[in-house]
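Listed below are the residues making up each chain.
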Amino acid sequence: MRLPGQAVAVEKRVDRAQRQAFERLAEIELAAHRQELLLDRLAGVDARRGGPFPGEEGDGRGDDAGRDDPTLHAREGTLLPMRVLVTGGAGFIGSQFVRRLVESGDQVAVLDKLTYAGNRANLEGVDHEFHQGDIADADAVARAAEGVEAIVNFAAETHVDRSIMGPAEFILTDVLGTQVLLDYARQHGIRHLQVSTDEVYGDIPLDAEPCTEDAPIRASSPYSASKAGGDLQVLAYVRTYGVDALVTRGANTYGARQYPEKFLPLFITNAFEGQHLPVYGDGKQRREWLHVADHCAGIELALRRGEAGNVYNVGGQERENMDVVRRILDLTGASPDLVRHVADRPGHDRRYSVDSSKLSGLGWQPKHSFDSGGLEETVDWYREHRDWWEPIKSGDYKRYYDEQYAARLA
Ligand code: NAD
Ligand code: TYD
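In what follows, the accompanying structure is described. What you see is a predicted model; the values in this text were computed from it and never measured. All residue numbers here refer to positions counted from 1 along the written sequence of the relevant chain. As a convention, the first chain written is A and the first ligand written is 1, with the rest following in written order. Totals for whole chains, interfaces and linings use all residues, but because this is a predicted model, local features are given only for residues with pLDDT of at least 70 and pairs of side-chain atoms are given and counted only at 80 or more.

1. Concerning the sheet that holds strand β4 (residues 150-153)
Okay, step 1: Strands are treated as partners if at least two bridges between them are detected by DSSP. Comment: elements are numbered from the N terminus, with helices defined as DSSP H or I runs of at least four residues and strands as E runs of at least two. The strand order β3-β2-β1-β4-β5-β6-β10 describes an open sheet built from seven strands, whose pairing is parallel. Every other strand in the sheet has two partners, leaving β3 (129-132) and β10 (311-314) as the edge strands with one partner each. Geometrically, the sheet is characterised by an average inter-axis angle of 20 degrees between neighbouring strands, direction not taken into account.
Okay, step 2: In this structure, strand β5 (residues 191-197) lies alongside strand β6 (residues 245-250), joined through six bridges in parallel fashion. From the neighbouring strand, H192 faces β6, where its bridge partner is A245.
Okay, step 3: Any residue pair is listed as a contact if its two C-beta atoms, each placed from the backbone, are within 7 Å. Axis lines are fitted to C-alpha atoms, over the contacting stretch for helices. Their N-to-C directions set the angle, which ranges from 0 to 180 degrees. Against the sheet, helix α6 (residues 168-188) engages β1 (83-87), β4, β5 and β6, with an angle of about 160 degrees to β5.

Encoded structure:
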């Protein structure tokens, strides 16, 4: 039977309304299902609190995998797998973080400009979606961030000595780029975690207590000042626009795949090559050394359990530079004659030290010791991966190296 025109139109409207209602219902059911799963997981964790976790005695697995890993608890207990945008994910710490999230079942999109420090090889064998682009480019950010529930921002210009040669790029990426990412988080109501550094507190006297998160910002170098600018934008976006954002401030990080301009990989690879080890000034500066896996665990924990508007320090083990140099000589077997005290870095910070008890309160505990295994394992990695660093130490790197060290070592 043919319905009159008006009745057909009404029927179409009813169909459409019904379809929309079904779609809405499906969304609500899915949300409820996720909620239930989440509650189950939380209940499971609560029920098992004090009982065995994977890797603990009595879990039936018989090894110590996952034993002291607080984020394992967090991953099981507080959030379902997410889709995350990791910016700067082709760099040293970012690539390790991508690997970590993928292993725990999260979906990861990476946005990386592939500057001299970015390296696709760092993500070899890791299942991720890769976008080459600049965090300061809003269109590139929008393409890479589609559908994500959180952004973790590692992208930055990161080397103090390069910032002394030319600060502009640092401000563009570390401040402006951060602001572009924050705008995206604001528009889409998603979480932004800013990976920052203990260097924003500036240096502190030898007898001073470690900096807590409310210590004043006293950045000394163009690098740390640009990171501080990014941090302040994050906190301003939380206060002004209510963006769900937070900051971690990590100590000097060490481990595999660090670009060989930084102290440890530079000295380790120079030692293997029989080249000079250029110690700035008296070498009595002090840094806290944090294993990259421990740093990533801290960032993940803050991402999943941290509170918006908060800063979380991620500290390491404090050592004097010359002690570290002596350990590198021991571990590589290089001659002490390679050590050269050279002209100091302008504005060189003497000592960093942070108090990580706020993050420990969320359950963070570092698993790696710098002296017992951490540094040794790192030296071994560079010994066994010459194919990773030898190609880097040519071309543009050589030009940078000569500019930075030739006069100092002459
Ligand atoms: P890295 O220099 O190894 O990597 C930086 C990455 O960011 C590279 O892949 C690079 O290509 C990318 N990048 C740079 N500018 C970009 C831009 N405009 N858009 C998109 N991508 C861009 O750095 P890292 O040592 O892995 O440090 C990562 C983060 O952790 C940085 O924000 C740094 O400030 C912070 N941090 C580092 C340490 C440390 O000791 N390395 C300690 C504390 C905090
Ligand atoms: P670096 O890795 O540049 O990190 P930071 O951002 O903490 O300065 O340097 C770590 C320490 O090592 C710092 O005190 C400077 C010192 N250093 C040298 O003595 N010689 C070098 O060639 C470099 C790169 C660093």
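Now that the structure has been shown, the text picks up again.
2. Concerning the site of ligand 2
Okay, step 1: Neighbouring ligand 2 are the residues V160, E199, N252, K262, F263, L266, P278, V279, Y280, Q285, R287 and N321.
Okay, step 2: Contributing elements (two or more residues each) for the shell around ligand 2: α8 (263-273) and β8 (277-280).
Okay, step 3: Considering every element that reaches the shell around ligand 2, the biggest residue donor is β8, with three residues.
Okay, step 4: Three classes are used, and their members are as follows: Ala, Val, Leu, Ile, Met, Phe, Trp, Tyr, Cys and Pro are nonpolar, Asp, Glu, Lys and Arg are charged, and the others, Gly among them, are polar. Taken together, the residues that form the shell around ligand 2 break down as six nonpolar, three polar and three charged. Defining nearness, a residue is near a molecule or strand when the C-beta atom obtained from its backbone falls within 6 Å of it.

3. Side note on the nonpolar core
Okay, step 1: Core analysis: the largest hydrophobic core is formed by 81 residues, its most contacted members being L85, V86, F97, I151 and V152.
Okay, step 2: At eight residues, the largest contribution of residues to this core is made by helix α9 (residues 292-305).
Okay, step 3: With residues near it in sequence (within four places) discarded, L85 still touches A109, L111, A144, A145, V148 and I151. Each nonpolar core comprises buried Ala, Val, Leu, Ile, Met, Phe, Trp, Tyr and Cys residues, the members being joined through C-beta atoms within 7 Å. Exposure classification rests on a simple neighbour count of other C-beta atoms within 10 Å of a residue's own: a residue reaching 20 or more is buried, one at 12 or fewer is exposed, and one in between is partly exposed. C-beta atoms are placed from the backbone.

4. Observations regarding the environment of Q285
Okay, step 1: For Q285, the location among the structural elements is in the loop between β8 and β9 (286-291).
Okay, step 2: Between the C-alpha atom of Q285 and that of R350, which follows or precedes it by 65 residues, the distance is 4.5 Å.

5. Considering the site of ligand 1
Okay, step 1: As a structural note, the neighbourhood of ligand 1 is formed by 31 residues, with G88, G91, A117, G118 and A156 the closest of them.
Okay, step 2: Those elements giving two or more residues to the shell around ligand 1 turn out to be α3 (92-103), β2 (107-112), α6, β5 and β7 (252-254).
Okay, step 3: Considering every element that reaches the shell around ligand 1, the biggest residue donor is α3, with three residues.
Okay, step 4: Here the residues of the shell around ligand 1 are counted per class, giving 13 nonpolar, 13 polar and five charged.

6. Quick notes on the sheet that holds β7
Okay, step 1: One open sheet accounts for three strands, arranged β7-β9-β11; its pairing is mixed. Either end of the sheet is taken by a strand with one partner, and the two such strands are β7 and β11 (317-320). Neighbouring strand axes in the sheet, compared pairwise and without regard to direction, differ in orientation by 45 degrees on average.
Okay, step 2: Pairing of β7 with β9, which is carried by three bridges, proceeds in the parallel orientation. Bridge assignment links T253 to a residue of β9, and that residue is L290.

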